[in-house]
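Structural characterization, general
Residue strings, one per chain:
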Amino acid sequence: MNVKIEASWQNILADEFEKEYFLDLTNFVKKAYLHKVIYPKPANLFAAFNLCPFDKVKVVILGQDPYHGQGQATGLSFSVPETVGIPPSLKNIFKEIQNDIGQSNLKNGDLSHWAEQGVLLLNSTLTVEAHKAGSHKGKGWEEFTDSVISKLSDQKENLVFLLWGNYAKQKGSHIDRNKHLVLESSHPSPLSAHTGWFGNHHFSQTNNYLKKHNLVPIEW
């Protein structure tokens, strides 16, 4: 199946694109785009992969599904366009960066600068119907992103996986923790941020681990 995705990911995921579940998922998504308002735009569906090739991945931040409000979803987990107001969870991410390392290089909610440095901003579900959170859950995306995580875990070494919230933690079963650093905490959402998000020091821990393995740290 011809999926428009960055070349290294096309090679890594070629077998996945031919599986029956992915063909069913593709049909579902195509019909959804035709008849409903779906986010992100089709051109941004694989933005996380296109901005962060397989061989460049150093860190994986796992979200749940795309933002379901108009103009918010970019195909990158937690990220919004620079012209859009910063959502509450992302505000709390920025607060923790400030508390953890004393500064942030971001002036708005566009996290593409992270992706270009090797941070795979991966949502578990890559599409969502407008104003209906979780509406594309159970359609096949979870199986696809499980495979992405497994391939990263199996074929690379010394990655950092940041799992925020119970949903993300469940995906952690696909990670070899002998080869990679897995950091877990509560979700940065205002509903849970005060139960373990603030003070998790994930950003400094990530950079310390990367430097320990002779990798360039992330400019958060």
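Residues numbered from 1 in each chain as written. Predicted model: local features only at pLDDT ≥ 70, side-chain atom pairs only at ≥ 80, totals over all residues. Heavy atoms only, no water.

What about the overall build of the protein?
The helix and strand inventory of the protein stands at nine helices and six strands. Relative to its length of 220 residues, the protein is compact, with a C-alpha radius of gyration of 17 Å against a globular reference of 17 Å. Summarising its shape, the C-alpha atoms of the protein cover approximately 45 × 35 × 25 Å along the three principal directions. Residue burial in the protein is summarised as follows: out of 220 residues, 55% are buried. Of all intrachain contacts in the protein linking residues separated by at least 6 positions in sequence, the fraction that spans at least 24 positions is 65%. (Helix = DSSP H or I, 4+ residues; strand = E, 2+ residues; numbered from the N terminus. Rg over C-alpha atoms; globule rule 2.2 N^0.38 Å. Buried < 20%, exposed > 50% of the residue type's maximum accessible area, 1.4 Å probe, protein only. Contact = heavy atoms within 4.5 Å.)

Here's the deal with helix 3 (residues 20–35)
The end-to-end C-alpha distance of helix 3 is 23 Å, a good match for the 22 Å that 16 residues give at a rise of 1.5 Å each. Those residues of helix 3 that are buried are in contact with helix 2 (14–17), strand 1 (38–39) and helix 7 (141–155). (Expected span 1.5 Å × (residues − 1).)

Some thoughts on the packing of aromatic side chains
The tally for this structure, following the rule as stated, stands at 19 aromatic pairs. Plain terms: the ring middles of Trp164 and Trp197 are 4.7 Å apart, the flat faces sit at 80 degrees to each other, and that makes the pair edge-to-face. One end of the pair, Trp164, is in strand 5 (residues 160–164); the other, Trp197, is in the loop between strand 6 (181–185) and helix 9 (202–212), and 33 residues separate them in sequence. Each member of the pair, Trp164 together with Trp197, is buried. (Phe/Tyr/Trp six-rings, centres within 6.5 Å; stacked < 30°, edge-to-face > 60°.)

Points about the nonpolar core
Membership of the largest hydrophobic core comes to 65 residues, with the highest contact counts inside it found for Phe49, Trp114, Leu120 and Phe144. The residues contacting Leu120, other than those within four sequence positions of it, are Trp9, Ala48, Phe49, Cys52, Val57, Val59, Val60, Ile61, Val148 and Leu152. (Core = buried A, V, L, I, M, F, W, Y, C linked by side-chain atoms within 4.5 Å.)

Digging into the packing of helix 5 (residues 88–101) against helix 9
Close contact between helix 5 and helix 9 brings their axes to 8 Å; oriented N to C, the two are set at 60 degrees. With respect to helix 9, the element helix 5 is oriented oblique. Contact residues: helix 5 offers Ile93, Glu96, Ile97, Asp100 and Ile101, while helix 9 offers His202, Phe203 and Ser204. Looking at the contact of helix 5 with helix 9 residue by residue, the class counts come to four nonpolar, two polar and two charged. (Axes fitted to C-alpha atoms, helices over the stretch in contact; angles between N-to-C directions. Parallel < 35°, antiparallel > 145°, perpendicular 65-115°, else oblique. Nonpolar A, V, L, I, M, F, W, Y, C, P; charged D, E, K, R; others polar.)

As for the environment of Glu96
Considering the arrangement of structural elements, one finds Glu96 in helix 5. Take Glu96: its relative accessible area is 1%, and that puts it in the buried class. Separated by 105 residues in the primary sequence, Glu96 and His201 have C-alpha atoms spaced 7.4 Å apart. The residues contacting Glu96, other than those within four sequence positions of it, are Trp197, Phe198, Gly199, Asn200, His201 and Phe203.

Topic: unusual backbone geometry
For the bond running from Tyr39 to Pro40, omega is -5 degrees, close enough to zero to count as cis. Structurally, Pro40 is set in the loop between strand 1 and helix 4 (47–51). Located in the positive-phi region is Phe78, a residue other than glycine, with phi close to 70 degrees. At Asn214, a position not held by glycine, the phi torsion is positive, near 60 degrees. With respect to the element layout, Asn214 can be found in the segment after helix 9.

Things to note about the packing of helix 3 against helix 7
When two helices pack together, you describe them by how their axes are tilted relative to each other and by the distance separating the axes. Interhelical geometry of helix 3 versus helix 7 gives an angle of 130 degrees and a closest axis separation of 9 Å. Judged by the angle between their axes, helix 3 and helix 7 are oblique. The element helix 3 and its partner helix 7 pack so that their crossing is left-handed. Here helix 3 contributes Tyr21, Phe22, Leu25 and Val29 to the contact with helix 7, which in turn contributes Trp141, Glu143 and Phe144. Looking at the contact of helix 3 with helix 7, its residues break down into six nonpolar, no polar and one charged. (Left-handed = near helix turned anticlockwise from the far one by under 90°.)

Structural notes on the side chain of His202
Within the fold, His202 resides in helix 9. Among the residues examined, His202 registers a relative accessible area of 2% and is labelled buried. At 2.9 Å, the side chain of His202 forms a polar contact with the side chain of Trp164. Dropping the residues within four chain positions of it, His202 is found in contact with Asp100, Leu162, Trp164, Leu183, Glu184 and Ser185. (Polar contact = N/O pair within 3.5 Å; in protein donor to acceptor, adjacent residues only side chain to side chain.)

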